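What the coordinates show
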Amino acid sequence: MNPPRTRTLRPIRLAMEREVLHYLDADGTERLIGTDKAADVMFEDALPARTIPSYAGQRHTPGRYWSATTDRMIEYESYLELQRMKLLDYDTDVTAFAAQPFMIEGRDAQGGWKHTPDLFARRRDGSALLVDVKPRAFVDRPAVLRQSRRTAEMCARIGWDYQLVSEPDSLMWATVSWLAGYRRPLHAGHGLADRLLLLACKPVPIGELISFQPAPELARPMVFHLMWHHQLNFDQSLPLRDHTRVWSADAPRNA
C-alpha cells in the first residue's frame, strides 16, 4: 500500500514555470519541483504518484509485476501497461523503471493541464525515457495527441526521450512473454548454467542443447532463464521453437 500523502499546491510556482512535477520520493515524502530540476531526480526510485483503482467490474486489469531489473514489485494499471513493463524489464539498456512516477501540472497557450505518465525508465548510459501507454484505437484521439505533444515538449526541454506506445509487435511480445516466466532466480538446475553456456559456444538448437543433460526437465527452464538474461543469444525475428538456435553471449554467432 502506498504511504498517505497530502497534495501541496504552489500557485506562485505554476505562474512562473510552464510545468511543475509532483512526486513521492523513495521514502514517501511528497516533492514539488520545476522542470529545470527534473533531470537531477532519480524518478526510477519514486513511489507511484497516484493510487491505481481496483474494484469489481472495472475494465482495466491492475496488478503488480515483479521486475528482474529492479528486484521489486511495480504496480500496473492495465494489461497493456504490464506488457510494456515486461519489455522494459527485458531490455538490456534499461537499468531501472517506475510506474506513475510523477504528476505534471502545466500551463500553456491552451490553458492548464495535468497528466500522470505511465512509466519512467533509466538507461545504462544515464539517459531517461518517459512512456505513455494507450490502446492503438486511442492514439489518434485529439485529447491523446494534445497530451502527448505537451508531454513530449516538456521532455525535450528536460533532455528526456518520450514515447507514446500501444500494443507491442505480436512476435516480440510472444517471445518476451514466454521468457518472462523464467526471469526469476532458479535454484533447481542452477548448477547446469555454466555447462549449458559452454555447450552453446557454437549455435545449437534448444532441443539438442537440453538433450545433452541428464535432467532435461531442469535444463529447459535454465535455458530460457539464460535467454531472458541475454546470456544465451538467439534470432528474435523468428518464433521461439525447440529448433531455435542459441549461442553463448560470449561466443561469435557463426563460430
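Please read all numbers here as calculations on a predicted model, not as lab measurements.

**Re helix α2 (residues 79–90)**
Taking 1.5 Å of rise per residue, the twelve residues of α2 would be expected to cover 16 Å, and the 17 Å separating its terminal C-alpha atoms lies within 8% of that figure. In terms of burial, α2 is a largely internal element, eleven of the twelve residues being buried. The complete set of buried residues in α2 reads Leu80, Glu81, Leu82, Gln83, Arg84, Met85, Lys86, Leu87, Leu88, Asp89 and Tyr90.

**As for the packing of helix α4 (residues 170–180) against helix α7 (residues 216–228)**
Relative to each other, α4 and α7 sit at 120°, their axes nearing to 9 Å. Here α4 is positioned oblique relative to α7, judged by the angle of their axes. At the point where α4 passes α7, the crossing takes the left-handed sense. Where α4 approaches α7, its residues Val176, Trp178, Leu179 and Ala180 are matched on the opposing element by Phe224, Met227 and Trp228. Here the residues of the contact of α4 with α7 sort into seven nonpolar, no polar and no charged.

**Digging into the nonpolar core**
Formed by 41 residues in total, the largest nonpolar core has its most connected members in Met85, Phe97, Leu179, Val223, Met227, Leu232 and Val246. The leading source of residues in this core is α7, at seven residues. One finds Ile33, Ala38, Ala128 and Ile158 within the second-largest nonpolar core, a separate group that totals 17 residues.

**Topic: the layout of surface pockets**
With a probe scaled to a water molecule rolled over the atoms, the places where space remains empty come into view. Put simply, the largest pocket is a space of about 530 Å³. In terms of lining, the largest pocket is formed by 20 residues, of which the most central are His60, Ser78, Val133, Lys134 and Pro135. Looking at the lining of the largest pocket, the elements with two or more residues in it are α2 and β9 (128–133). Partitioned by chemical class, the residues of the lining of the largest pocket number five nonpolar, seven polar and eight charged.

**Focus on the pairing of strand β1 (residues 19–24)**
Along β1, six of the six residues are buried, which leaves the element largely enclosed by surrounding structure. Of the two faces of β1, both are covered, the one formed by Glu19, Leu21 and Tyr23 as well as the one formed by Val20, His22 and Leu24. Bridging between β1 and strand β6 (residues 103–108) involves four bridges; their strand directions are antiparallel. Of the residues in β6, the one forming a bridge with leucine 21 is isoleucine 104. By the bridge criterion, five bridges tie β1 to strand β2 (residues 30–34) in an arrangement that is antiparallel. Following the sheet pairing, valine 20 is matched in β2 by glycine 34.

About the criteria used
Residues numbered from 1 in each chain as written. Predicted model: local features only at pLDDT ≥ 70, side-chain atom pairs only at ≥ 80, totals over all residues. Heavy atoms only, no water. Helix = DSSP H or I, 4+ residues; strand = E, 2+ residues; numbered from the N terminus. Expected span 1.5 Å × (residues − 1). Buried < 20%, exposed > 50% of the residue type's maximum accessible area, 1.4 Å probe, protein only. Axes fitted to C-alpha atoms, helices over the stretch in contact; angles between N-to-C directions. Parallel < 35°, antiparallel > 145°, perpendicular 65-115°, else oblique. Left-handed = near helix turned anticlockwise from the far one by under 90°. Contact = heavy atoms within 4.5 Å. Nonpolar A, V, L, I, M, F, W, Y, C, P; charged D, E, K, R; others polar. Core = buried A, V, L, I, M, F, W, Y, C linked by side-chain atoms within 4.5 Å. 1 Å grid on protein atoms, 1.4 Å probe; cavity = no way out; pocket = protein on both sides within 12 Å on 5 of 7 lines; lining within 4 Å. Points joined across faces, edges and corners; volume = space filled by probe spheres on them. Pairing = 2+ DSSP bridges.

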